[in-house]
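Now for the letters of each chain:
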Amino acid sequence: MVPLTKTRRRVCVMALVGIAALLALTGCAPEGTAAADAAREFHQALSGSEWSAACSMLASDTREKTAREQESSCEDHLRNLHVQEPGTVTRTEVYGRGAFVEFENDAVFLAAAEGGWKITAAGCTPNGDAPYTCEVGGK
């Protein structure tokens with residue numbers, strides 16, 4: 001076995017850092033799991049009628065838009081939604097600072113924020129070739 005010189009160790013460390021960065025950029029990093037967990041937690045808050053908790057999981061722009069569109073509070077808007085149980089996660093995609101989590105009966109869009117993932121749109125259904133139609137966030 002050939003001992004590693006200082007230069008070879010540096011090259012190995014740089015290669016490992018490069019591989020880790022590549023995995024993070026391609027969505028193979030644990031970020032997909034964190035995004036899916038955030039989407040599940042949001043649905044759990046909705047199903048548990050925890051309206052304030054669910055609103056706190058929304059991105060600030062989404063929370064403000066939700067309240068403004070309904071001319072009421074975020075909590076009131078979520079209370080009046082009829083979002084069905086999402087089912088199990090079927091697909092998660094992470095792209096840069098955004099993520100998409102597809103459930104059997106819902107789709108959720110998220111954005112990376114300080115402290116974790118925030119919901120930018122939820123209660124989303126495909127709309128043919130047009131963008132998704134969403135109950136929250138209107139993405």
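Residues numbered from 1 in each chain as written. Predicted model: local features only at pLDDT ≥ 70, side-chain atom pairs only at ≥ 80, totals over all residues. Heavy atoms only, no water.

**So, the pairing of strand 2 (residues 98–103)**
Of all six residues making up strand 2, five are buried, and the element is well covered by its neighbours. The pairing of strand 1 (residues 89–95) with strand 2 spans six bridges and is classified as antiparallel. Within the sheet, the bridge partner assigned to Y95 lies in strand 2 and is G98. Taken together, strand 1 and the strand that follows it, strand 2, pair antiparallel across an intervening segment of two residues, in which G96 is found at a positive phi of about 60°. (Buried < 20%, exposed > 50% of the residue type's maximum accessible area, 1.4 Å probe, protein only. Helix = DSSP H or I, 4+ residues; strand = E, 2+ residues; numbered from the N terminus. Pairing = 2+ DSSP bridges.)

**A look at the pattern of salt bridges**
In this structure the tally under the stated criterion is four salt bridges. Among the ionic pairs, D37 bridges to R40, the shortest N-O distance being 2.7 Å. You can see D37 and its partner R40 sitting in helix 2 (residues 31–47), three residues apart, about one turn around the helix. Residue classification places R40 among the partly exposed positions, given a relative accessible area of 36%. Among the ionic pairs, E102 bridges to R91, the shortest N-O distance being 3.2 Å. Highlighted residues: E102 in strand 2 and R91 in strand 1, separated in sequence by eleven residues. A residue is classified by how much of its surface remains accessible, and E102, at 22% relative accessible area, is partly exposed. One network of salt bridges, in which partners are shared, links R91, E93 and E102. (Salt bridge = Lys/Arg side-chain N within 4 Å of Asp/Glu carboxyl O.)

**Here's the deal with the environment of E102**
The spacing of E102 and G87 is 15 residues in sequence and 9.6 Å in space, taken between C-alpha atoms. Beyond its immediate sequence surroundings of up to four residues, E102 is in contact with T88, V89, T90, R91, A107 and Y132. (Contact = heavy atoms within 4.5 Å.)

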